[in-house]
Amino acid sequence: MHYVSTRGRARHLGFEGVTLAGLASDGGLYVPGHWPRFGEDEIAGMAGLPYAELAARVMRPFVEGSLTADELRDLCGRAYGRFSHDAVTPLVQLDQRQWLLELFHGPTLAFKDVALQLLGQLFEHFVAKSDDHLTIVGATSGDTGSAAIDAVAGRERIDIVMLHPKGRVSDVQRRQMTTVRAPNVHNVAIDGSFDDAQAIVKRMFVDRGMNSRFHISAVNSINWARLMAQIVYYFAAALQLGAPNRRVAFSVPTGNFGDVFAGYVAAQMGLPIERLIVATNVNDILHRALSSGDYSASDVTPTASPSMDIQVSSNFERLLFDAGGRDGLALADQMHGFDAVRAMQLTEEQRRAAAALFLSARADADDMGRAMAWAHECCGEVIDPHTAIGLHAARQADLDDGVPVVTLATAHPAKFPDAVERATGLRPPLPARVGDLFERSEAFAELPGTYEAVRDFVAERATPSS
Ligand SMILES: *Cc1c(COP(=O)(O)O)cnc(C)c1O
């Protein structure tokens, strides 16, 4: 498989290359040169496979040329061996129509583990082979940071520098990052929002000076391998509900558009997805873009679902590329226009292609609280604020009777105990697997939200590439 940049100019890379790269050198994101497609019989033949086996089957076409089938199976086995549920991503029924896909059974209690446990294995495999040293630089709205740190802590050939917006992640989220004391882990709280942190990271990927000294890699969902790993659970859920003979809809609590883009890829690969519902909180740029074509960023409003407090969604560029006929140079112009004024209109072609698969909805704090209360009172399920936003959108969606709707349960409720307690009166306890999180001491640097401060911090701590 070869990969192309959404902005048309960067050189094509194989799977190993895109896994170890950050942004493409033209500022774009890598996407597969074509979508592999499974026939109905092939999809039917995946029913009942253990998760790690299914993962190897679904991802196989994307890694061709970089990993053998056996290597991929081995890495999947290791990545998914650390989940606390045998099904890895179990499906739970709420009522006749509504289902939850629980993606939070990994080590750091959010769906990010599903992709990052695999990415950690891939990094280790590729750096060992090439005798290189990687510097991972990432920005987190809360959950990516802890999942990435857990996946690479203590690995000798990898340094990780993780930026989080100061005071805007939950205590559990922060402690899951800052209490990991390994020499290769560097946490930074920056003054500013997640979008500010993400902009700093993106700038570092195109800084020639930094890239000539360090091999800088991404763990954010701009990394293709992460999205690839997330395709698998759409297959897992749909197969359990009767695919390929039955169509299934998914509702996805969305921030950076990574998780829901994985669903889009699953549909391109032949999985019968009726609709993908993009659920946002009041930071609703994606809802506006999909419902009216208006992609214009305003300021970020902090909410009880901090992992979705995002205005500029990196992966939306991947959809605009594919939906707009894969014209990289035209998209580069469109994105440069957006960068200049933080606003743009989708083209007619982009809107039409997106409307064929996506629905969208926005939930405010009351909608979220009501969805949490409904899940608890009617179905005995305690859900987290992000999941509640997805469930609100799922229950509102205008779909044919008989189409089951699966809401992706993206975080364990104990990660956001205050919001859960407000809505349900219950304070969910942390599962035993996270241990004595509140007893351990924290370590993190504090920096102003400027590019130069972060660049100098990274340059002082990272190991140059070989
Ligand atoms: C990251 C995250 C999201 C948003 O996912 P994207 O891929 O950025 O759209 C939603 N919920 C939780 C709990 C998250 O950690």
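Residues numbered from 1 in each chain as written. Predicted model: local features only at pLDDT ≥ 70, side-chain atom pairs only at ≥ 80, totals over all residues. Heavy atoms only, no water.

Rules: UniProt positions are given in the numbering used here, feature names are shortened, and annotations may be inferred rather than shown by experiment.
As recorded in an unreviewed UniProt entry, the chain goes by the name Threonine synthase, listed as coming from Aurantiacibacter spongiae. Here is the UniProt Catalytic activity (unreviewed entry) comment for the chain, exactly as written: "O-phospho-L-homoserine + H2O = L-threonine + phosphate".

1. Some thoughts on the site of the ligand
Applied cut-off: It suffices for a single heavy atom of a residue to lie within 4 Å of a molecule or strand for the residue to be listed as near it. Whenever a nitrogen or oxygen atom comes within 3.5 Å of another N or O atom, the pair is scored as a polar contact, on the condition that within protein one atom can donate a hydrogen and the other can accept it, and that pairs from neighbouring residues in sequence are kept only if both atoms are in side chains.
Neighbouring the ligand are 15 residues, the closest being Lys112, Asp143, Gly255, Asn256 and Asp259. Within the side chain of Asp143, an N or O atom sits 2.4 Å from an oxygen atom of the ligand. One of the backbone nitrogen or oxygen atoms of Asn256 is found 2.7 Å away from an oxygen atom of the ligand.

2. Description of the state of the cysteines
Quick reminder of the rule: When the sulfur atoms of two cysteines come within 2.5 Å, that pair is taken as a disulfide.
One pass over the full model with this rule turns up zero disulfides. For Cys379, which is in no disulfide, the shortest distance to another cysteine sulfur is to Cys378 and amounts to 5.4 Å.

3. Re the pattern of salt bridges
Convention followed: Salt-bridge detection follows one rule: a side-chain nitrogen of Lys or Arg within 4 Å of a carboxyl oxygen of Asp or Glu. Secondary structure elements follow DSSP: runs of H or I of four or more residues count as helices, runs of E of two or more count as strands, with numbering from the N terminus. Buried residues are those whose accessible area, probed at 1.4 Å on protein chains only, stays under 20% of the maximum for their type, while exposed residues exceed 50% and partly exposed ones sit between those limits.
Considering all chains together, one arrives at 26 salt bridges under this definition. For Asp171, the salt bridge goes to Arg174, with nearest N and O atoms at 3.3 Å. Separated by three residues within a single helix, Asp171 and Arg174 lie in helix H7 (residues 171-178), roughly one turn from each other. Asp171 gets classed as partly exposed once you look at its relative accessible area, which sits at 45%. One salt bridge connects Asp322 with Arg326, and the closest N-O pair in it is separated by 2.6 Å.

4. With respect to the sheet that holds strand S8 (residues 215-217)
Strand pairing in a sheet relies on backbone hydrogen bonds. The paired strands run either parallel or antiparallel. Applied cut-off: We call two strands paired when DSSP finds no fewer than two bridges between them. Axis lines are fitted through C-alpha atoms, for helices just across the contact stretch, and the angle between N-to-C directions can take any value from 0 to 180 degrees.
Strand order in the open sheet made by the five strands is S8-S5-S6-S7-S15, with parallel pairing throughout. The open sheet has two free edges, formed respectively by S8 and strand S15 (445-447), since each of these has just one partner strand. Averaged over all neighbouring strand pairs, the angle between strand axes comes to 25°, with direction disregarded. Taken together, the three bridges between strand S5 (residues 134-139) and S8 define a ladder with parallel strand orientation.

5. Description of the nonpolar core
The cut-off we apply is this: Think of a nonpolar core as a cluster: buried Ala, Val, Leu, Ile, Met, Phe, Trp, Tyr and Cys residues, connected wherever their side-chain atoms sit within 4.5 Å. For this analysis, residues touch if any pair of their heavy atoms sits within 4.5 Å.
One finds Phe15, Tyr80, Trp224, Tyr234, Phe235, Phe250 and Phe358 to be the most contacted residues of the largest nonpolar core, which totals 114 residues. If we skip the residues at most four places from it in the chain, Phe15 touches Met1, Tyr3, Phe62, Val63, Ser66, Leu67, Leu122, Phe126, Trp224, Ala225 and Met228. Grouped together as the second largest cluster of nonpolar side chains are 27 residues, Ala249, Cys379, Leu391 and Val420 included.

6. A closer look at the UniProt feature "domain: Threonine synthase N-terminal" (unreviewed entry) in the chain
As recorded in UniProt, the sites labelled "domain: Threonine synthase N-terminal" (unreviewed entry) are residues 2-80. Its end C-alpha atoms 26 Å apart, residues 2-80 is made of 46% helix and 8% strand.

7. A word on the packing of aromatic side chains
Note on aromatic pairs: each is described by the distance of the centres and the angle between the planes. Note the threshold: Any two rings among Phe, Tyr and Trp, with Trp reduced to its six-membered ring, count as a pair given centres within 6.5 Å; such a pair is stacked if its planes are under 30 degrees apart, edge-to-face if over 60, and tilted if neither.
This structure, assessed with the given rule, holds 17 aromatic pairs. Aromatic pair Trp35 and Trp224: ring centres 6.4 Å apart, planes at 40°, arrangement tilted. Of this pair, Trp35 sits in the loop between strand S2 (30-32) and helix H2 (40-44) while Trp224 sits in helix H10 (residues 224-240), and the two are 189 residues apart along the sequence. Of the two residues, Trp35 and Trp224, both sit in the buried class. Measuring from centroid to centroid gives 5.1 Å for Tyr51 and Tyr80, while their planes differ by 75°, and the two rings are edge-to-face. Of the two residues, Tyr51 sits in helix H3 (residues 51-63) while Tyr80 sits in helix H4 (residues 69-80), which places them 29 residues apart along the sequence.

8. So, the packing of helix H13 (residues 316-323) against helix H14 (residues 328-341)
Defined as follows: For classification purposes, an angle smaller than 35 degrees is called roughly parallel, one larger than 145 roughly antiparallel, one from 65 to 115 roughly perpendicular, and anything else oblique. With the far helix as reference, a near helix turned anticlockwise by less than a right angle produces a left-handed crossing, and one turned clockwise produces a right-handed crossing. In this count, Pro and Cys sit with the nonpolar residues alongside Ala, Val, Leu, Ile, Met, Phe, Trp and Tyr, while Asp, Glu, Lys and Arg are called charged and the others, Gly among them, polar.
Between H13 and H14, whose axes approach to 10 Å, the crossing angle comes to 135°. With respect to their mutual orientation, H13 and H14 come out oblique. Between H13 and H14 lies a crossing of right-handed hand. Counted together, Glu317, Leu320 and Phe321 of H13 and Gly328, Leu331 and Met335 of H14 form the full contact between these two elements. In the contact of H13 with H14, the residues fall into four nonpolar, one polar and one charged.

9. As for the sheet that holds strand S9 (residues 248-253)
Judged by pairing direction, the sheet is mixed, and its six strands sit side by side in the order S3-S4-S14-S9-S10-S13 without closing on themselves. Where the open sheet ends on each side, the last strands, each with one partner, are strand S3 (91-93) and strand S13 (358-362). When the angles between neighbouring strand axes are averaged without regard to direction, this sheet yields 25°. Pairing geometry for strand S10 (residues 273-280) and S13, over five bridges, is parallel. Of the residues in S13, the one forming a bridge with Val278 is Ser360.

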